[in-house]
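Listed below, chain by chain, are the residues.
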Amino acid sequence: VYVHPEDLPRIQATILSALRLESEGGKERFSLEHRTQTPSGELRWIAQLCKVFRDPAGKALRVVATVRDITVRKSVAEERQKFFDLVENSVDCILMTTLAGELTYLNPAGRRLIGLSADAPLTGLTLCNDGVSPQLRFQDQVAPCLRKDGRWAGESALRHQHTSEDIAARLSIFEVRDPIAKTPLCIAVIAQDIREAKRAEEVLRSAKESAEAASRAKSGFVANVSHELRTPMNSVLGMLEVALLCESDAGQRERLRTAKASAEALLALLDDLLDLSKMEAGRLELTPTEFSLTQKLTKVADLFQFQARKKGLQLHLESDLGFVDRIIADKVRVRQVLINLLSNAIRFTARGEVGVRSRLTPVSDGEYSLYIEVRDTGIGIEPEVLPRLFQPFEQADSSMTRSAGGTGLGLSIVRQLVTLMKGELGVRSTHHVGSEFWFRIPVALAALLLCVQALNAAEPPKAAAASR
């Protein structure tokens, strides 16, 4: 066993000093602590208690030493020192109390926080009651948690000892237990000053309330303006219809039809704005009713047949509904989603076809998933545009939309309507090839149809009955 090279000069100096003549300051007893290094390279801490035996003249004859291995003790002491340094230099308030709540330790950050000087005694200072945290209800708030889980965390106020200011803090309180007996020895508290966080939270809350108020005011304004504009627009449309019935000149009729188409586009825009404002204000409610799905899909497609033929497009329906025809859902909102998707598909398709495909998939007893897909062979959408496609006033291709028309509100309304119906909405698209917009919503089958299905399931097959 060898003395560690770094400790050797200190050990040599201590021994030489102790072995001097007694008249020159030599010692009868002395102690040494040093590291030893074994041939394998392992480091151990050694403590030696040494006694010097001398002749009558005081000259050292021999040294007898008692050697102990203190490696574990040194390791524990080092860990304790690290822990103490960590606590002393922590920016949080850390304090220790007896089980009765009397303070026994308060780190420098804690002293600064509650206004105690570095040398101020802690005698008589307690955690609760009229002490550091007078608002903390220890017996009925903290103690039950300590008994159950050994810790408690929450918010309370610390009291400044000079100004009596209440300091908002987040506390973590836990018991320090004997490692062997597992009995509680004392209580430790870590307190974080959260005054700045509280102020920032209040600023954010105030800003949120202001933003919500502004949003409600905006939505109310848009809704009111939309309602006010709908009345004169309906009057304009009515007068244009009357003029078309009375006018015989072909050129004049064409101009009237153009004016009517523009008025209808404006009315559709007002409807979109009104729906958007209702959805933003949370005033749009669903009204589930029973209706024929096949009939609804056919009627919506019929609305666009003339527009499709005018552009030379094929518009067709495909359905995989099986025996199902009548479902329960909000038919007005389903129709609105379909109209928006079909309108976009035809608007941005110059040649080819537009198709609508639908299917119903059972989810549970009486619950089905309605999937509808609208696909086209239009201009498609660039990949970088897809993530923001369903945002209000967002349009995929500004050059194309200038010629095709549209405000960019339709897909945003579709997204919000599908979300309101607790469904999903998605798109698959290839630029210059085409797009597929799809949505899936939960629906229920009509009660009458469910009864027929139950009866059919209960009735035995005729062939089997005949054989018996």
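Structure first, text after, so check above.
Residues numbered from 1 in each chain as written. Predicted model: local features only at pLDDT ≥ 70, side-chain atom pairs only at ≥ 80, totals over all residues. Heavy atoms only, no water.

A.B. asks: Help me understand helix α5 (residues 195-246) in this model?
C.D. replies: Note: α-helices contain 3.6 residues per turn, so residues at a spacing of three or four share the same orientation. End to end, α5 covers 76 Å across 52 residues, agreeing with the expected 76 Å (1.5 Å per residue, within 8%). Of all bends in α5, the biggest is about 25°, found at R230, and the proline P232 comes one to four residues later. (Helix = DSSP H or I, 4+ residues; strand = E, 2+ residues; numbered from the N terminus. Expected span 1.5 Å × (residues − 1). Bend = angle between axes of the 7 residues up to and from the residue.)

A.B. asks: Help me understand the sheet that holds strand β5 (residues 93-97) in this model?
C.D. replies: Strand pairs in the sheet, formed through backbone hydrogen bonds, run parallel or antiparallel to each other. Taken in spatial order, the five strands line up as β6-β5-β9-β8-β7 in an open sheet, and their pairing is antiparallel. Both edges of this open sheet fall to β6 (103-106) and β7 (151-159), since each of them pairs with a single strand only. Strand-to-strand twist of the sheet, defined as the mean angle between neighbouring strand axes without regard to direction, takes the value 30°. The sheet contacts of helix α4 (residues 138-149) involve β7, β8 (166-177) and β9 (184-193), and relative to β7 the element is tilted by about 150°. (Pairing = 2+ DSSP bridges. Axes fitted to C-alpha atoms, helices over the stretch in contact; angles between N-to-C directions. Contact = heavy atoms within 4.5 Å.)

A.B. asks: What am I meant to see in the side chain of R111 here?
C.D. replies: Mapping R111 onto the fold places it in helix α3 (residues 108-114). Nearest to the buried, unbridged R111 among oppositely charged side chains is D119, at 6.4 Å. (Buried < 20%, exposed > 50% of the residue type's maximum accessible area, 1.4 Å probe, protein only. Lys, Arg positive; Asp, Glu negative; His and termini not counted. Salt bridge = Lys/Arg side-chain N within 4 Å of Asp/Glu carboxyl O.)

A.B. asks: Teacher, can you tell me more about helix α7 (residues 293-303) here?
C.D. replies: Buried within α7 we find L293, K296, L297, V300 and A301. Seen end-on, α7 carries its buried residues on one side only, within an arc spanning 130°. Capping the start of α7, S292 holds a side-chain oxygen 3.2 Å from the backbone nitrogen of Q295, two or three residues further along. (Arc of directions from axis to C-beta. Polar contact = N/O pair within 3.5 Å; in protein donor to acceptor, adjacent residues only side chain to side chain.)

A.B. asks: Help me out: how do you make sense of the sheet that holds strand β1 (residues 2-3) in this one?
C.D. replies: Judged by pairing direction, the sheet is antiparallel, and its four strands sit side by side in the order β1-β2-β3-β4 without closing on themselves. This sheet does not close on itself; its edge strands, each paired only once, are β1 and β4 (60-69). The sheet contact formed by β1 and strand β2 (residues 29-37) spans two bridges and is antiparallel. By the bridge assignment, Y2 is partnered in β2 with Q37. Its contacts with the sheet place helix α1 (residues 8-18) against β1, β2 and β3 (43-54), and it is angled at close to 160° to β2. Sheet strands touched by helix α2 (residues 71-89): β2, β3 and β4. Its angle to β3, the strand with the most contacts, is close to 115°.

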